[in-house]
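If you want the building blocks of each chain, they are given just below.
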Amino acid sequence: MSRLFDFILKREKKQVFHDNGGTITVREKEWVEKGAAEYESVFKRPQTDSVKTNIQVNKMYSLTSQAKDWFLELQLRSGKYMFNNMLAVVNPFGEAPLTALVLFTTMVDYRVRATVEGDSEDTSFIFEYPAEKRHRIPILGLYPGRSTNIVIELLDENGESCDRRCFPIETEPLPDDLQNVIKAGKSNKKNRNFPNILISGGSDIRPCVFDREGKIRYYLERKPKEYGIFRLSKGRFLFMEEDISVPFYSEPYPVQMYDMDYLGRVGRTYLIKNGAHHTAEERSQEGNLFMAGNSFEGDSEDLVMEVDRQSGEIVHGINVRDFFGEKYKASQSWAHINYVSYQEERASMLVSMRGVHSIADFDWERDEMKWLLADPDLWKGTETEDKLLTPIGNVPWFYGQNSVFEVELEEKQEPGIRYIVVFDNHWKRPHNVSGPDNGKKSYINVYEIDEGKRTVKLYRTFPCPKSKICSNAVFDKKNRLLYAMEGCLEPRLKDNLGLVRAFDFDSREVLGEYYVKTGFYRAYLFCPDMVSLSRALVKNNDYIVGGLRRPERLEGEDVCPPDFMSAHSVADSVVSYEMQEDILYICEGDHAINTVYFQGREGVWFVTFEDTYRTSDNFGHKAYSIAVWLDVLPADSYDLFIQIGDELQDTGKKITKQK
């Protein structure tokens, strides 16, 4: 079968190739963006059209994603693109440059196999899709800055290839922050199937995937908050916006986040009023979301919350302050929750509190702390001491840990026995802890817990190079492999801040390692659900859910409205404004804006941000957007004022709400 590509046409970024008697038309993201514009009105929330303003208006990603997906679906349904003349769109949603979507129909149901050819046999991305007539084939794993060969095959009832098309897709080079950041280290032939690794988070790198040769095969165009992205089911993840936050005592926390997939489609936008941070996972497949949050009760990073997947409302929460005494509560971020892990069968919520070097297991349904895993010296003489598990033998404790989760290790695991994996950064050991300590390494510790006897003993430990913060562990049950994802090495190794290392769980032999120059927050095995990515988005006009700060009416006999006539015109060029639908964003420095006023003909409305104050100068230089949801404003014309320090400023911005 011929592999010769006959280039016919290249005009307006359109390419047409011939292969095996058929044609393949390759389009770019701009074509989709232009074609999708006319369908945005189909999906737009109806209340959005009631807002008129002289503020720059940008589109919500969950709206444009649906319009683009519908435009592509219409191309598929048109019948124009068959297997003999298929359509391929590069980076169709403008968010993932090393992806594509191939569209075509067949007269009868066919299974499809798609191969993204790698530089070696074991670096190819190969996926199969169920039999149907309309085919949306997602392509992941294109090489950056070069051409990648794509093979699309129709499979007969025996799984054998009965027809195929082969064509190249070219991509742009990597952005500067991803150039030369991955380097392969030790390799072992026993681990020929070293998986693709997704690294995420950190200050200097965007989410990306590298293969076993250390070559980047996927990345996101935009950067999330430094916590990175959090994997969900069905090929999706939670993406927290980097620069839309709520001011807080310790640092600003993101309030806007997306339910996104690896093609870059955003299905729903979540708004979390008090901010979220550090961790997120699902209660069950496509179920509610667990996140770490902030109680706004004098502390930060102290709340575990369950967010309804459909409404975005917080339906349940546990504030860890309620379960501990006062010994360690001198600072607002005393607990510093950085990881939660839920086990649905027993309603067990494992919570890592880095600030107190402890891991608690909560009964999520009963709001009870069942036990506490920590160095006993930390809680000696406190009201929490009775929750401690009793150590059996020599149990090495963890300090400054950054991940915890439960695994099944034995085929016939005894009832009441649980195995808990902890990435122990072993950083900043508390002064009130006694005994010998090796502070030169970090560890992955596997603890065996007998809940009936309330005891803990060490099952296995894996010493690692020192990583002072970030980092996590991953266990591959099928292959009995343990991965150390070290995001912040101290000291650096070969001038690299990050390290991914694979261990054989039973022999503890190192099977492979990769250096990451920039470091990262967490890393995972990259196992996308490609069949889910091949499905069209379900139409959803209620794509913004949750809650933000909303204007309140300024009223009452003792309330005196500001003197708007004497307000100064805004002179600070740092302040910027944006609207997305009926949400207002104002960008300024941390804690700079005290109050936002909306002066209307029928009254004055306001939103205050004075309920917290800065306790550190670490974020004083940071500019980000505060967000206000205007859905409660009644119909009127409003002038926008902001209070910065003691000065009331007239922004010159106007917002009109129509009935």
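Residues numbered from 1 in each chain as written. Predicted model: local features only at pLDDT ≥ 70, side-chain atom pairs only at ≥ 80, totals over all residues. Heavy atoms only, no water.

**Some remarks on the overall build of the chain**
Tallying secondary structure elements over the chain gives five helices and 48 strands in all. For 659 residues, the compact-globule formula gives about 26 Å, and the C-alpha radius of gyration of the chain, at 27 Å, lands near that figure. Principal-axis analysis of the C-alpha atoms gives the chain an extent of 75 × 75 × 45 Å. A total of 659 residues make up the chain; the buried ones form 59% of that total. Separation between the mean location of the 85 positive side-chain charges and that of the 104 negative ones in the chain comes to 5 Å. (Helix = DSSP H or I, 4+ residues; strand = E, 2+ residues; numbered from the N terminus. Rg over C-alpha atoms; globule rule 2.2 N^0.38 Å. Buried < 20%, exposed > 50% of the residue type's maximum accessible area, 1.4 Å probe, protein only. Lys, Arg positive; Asp, Glu negative; His and termini not counted. Charge placed at Lys NZ, Arg CZ, Asp CG, Glu CD.)

**Points about the nonpolar core**
One finds Ile139, Ile152, Ile199, Leu238 and Met291 to be the most contacted residues of the largest nonpolar core, which totals 115 residues. Broken down by element, the residue count for this core peaks at eight residues, all from strand β7 (residues 99-116). If we ignore the near neighbours within four places in the chain, the residues touching Met291 are Leu238, Met257, Ile272, Ala276, Thr279, Ala280, Leu303, Val304, Met305 and Val307. Core analysis: the second largest hydrophobic core is formed by 60 residues, Trp334, Val351, Val395 and Phe475 among them. (Core = buried A, V, L, I, M, F, W, Y, C linked by side-chain atoms within 4.5 Å. Contact = heavy atoms within 4.5 Å.)

**Quick word on the layout of surface pockets**
Of the pockets and cavities examined, the largest pocket occupies roughly 1300 Å³. Of all elements in the fold, only β15 (224-231), β21 (276-282), β25 (337-343), β30 (403-407), β31 (417-424), β34 (472-476) and β38 (522-525) reach the threshold of two or more residues within the lining of the largest pocket. Grouping the constituent residues of the lining of the largest pocket by class yields 20 nonpolar, ten polar and 16 charged. Each pocket or cavity is described by its volume, and for the second largest pocket that value is around 1000 Å³. Of the residues contributing to the lining of the second largest pocket, the split by class is 15 nonpolar, 18 polar and seven charged. (1 Å grid on protein atoms, 1.4 Å probe; cavity = no way out; pocket = protein on both sides within 12 Å on 5 of 7 lines; lining within 4 Å. Points joined across faces, edges and corners; volume = space filled by probe spheres on them. Nonpolar A, V, L, I, M, F, W, Y, C, P; charged D, E, K, R; others polar.)

**Some details on empty space enclosed by the protein**
By the definition in use, this model includes three cavities of 30 Å³ or more. If you go around the largest cavity, the residues you meet are Pro247, Ile586, Glu588, Gly589, Asp590, His591, Ala592, Ile593, Phe609, Tyr624 and Ile626. Of all the elements, strand β43 (residues 583-589) adds the most residues to the lining of the largest cavity, at three residues.

**Focus on the pattern of salt bridges**
According to the stated counting rule, one finds 51 salt bridges in the structure shown. Linking Asp361 and Lys370 is a salt bridge whose minimum nitrogen-to-oxygen distance equals 3.3 Å. By relative accessible area, which is 0% here, Asp361 ends up buried. Among the charged side chains, a salt-bridge network with shared partners connects Asp69, Glu73, Arg77, Arg136, Arg236, Asp259, Asp261, Arg265, Glu282 and Arg309. (Salt bridge = Lys/Arg side-chain N within 4 Å of Asp/Glu carboxyl O.)

**Structural notes on the environment of Tyr129**
Tracing the backbone shows Tyr129 in strand β8 (residues 125-140). Along the chain, Tyr129 and Arg111 lie 18 residues apart, while their C-alpha atoms are 5.7 Å from each other. Excluding its chain neighbours within four sequence positions, the residues that come into contact with Tyr129 are Arg111, Val112, Ala114, Ile137, Pro138, Met530, Val531 and Ser534.

**Description of the packing of aromatic side chains**
The geometry of an aromatic ring pair is captured by the separation of the ring centres together with the interplanar angle, meaning the angle of the planes. Under the criterion given, the structure shown has 27 aromatic pairs. Look at Phe239 and Tyr258: their rings are 6.1 Å apart centre to centre, the planes differ by 25°, and that puts the pair in the stacked class. Taken as a pair, Phe239 in strand β16 (residues 236-241) and Tyr258 in strand β19 (residues 256-261) lie far apart in primary sequence, 19 residues in all. Taken individually, Phe239 and Tyr258 each receive the classification buried, so the pair is uniform in this respect. Grouping aromatic residues by their ring pairs yields a cluster made of Tyr218, Phe237, Tyr262 and Phe526. (Phe/Tyr/Trp six-rings, centres within 6.5 Å; stacked < 30°, edge-to-face > 60°.)

**Observations regarding the sheet that holds strand β12 (residues 197-200)**
Pairing between the strands of a sheet comes from backbone hydrogen bonds, and it takes one of two forms, parallel or antiparallel. Pairing is antiparallel in the open sheet, where four strands are placed in the order β14-β13-β12-β38. In the strand order of this sheet, the two ends are held by β14 (216-219) and β38, each with one partner. Adjacent strand axes in the sheet meet at a mean angle of 25° when their direction is disregarded. (Pairing = 2+ DSSP bridges. Axes fitted to C-alpha atoms, helices over the stretch in contact; angles between N-to-C directions.)

**A word on the sheet that holds β21**
Pairing within the open sheet is antiparallel, and its four strands lie in the order β21-β22-β23-β24. Pairing within the sheet leaves two strands with one partner each, and these edge strands are β21 and β24 (314-319). For this sheet, the mean inter-axis angle between neighbouring strands, taken without regard to orientation, is 20°. Strand direction decides the pairing type here: strand β22 (residues 289-293) and strand β23 (residues 303-307), joined by five bridges, are antiparallel. Looking at β23, one finds that Ala292 is bridged to Val304.

That is the geometry; function is a separate question.
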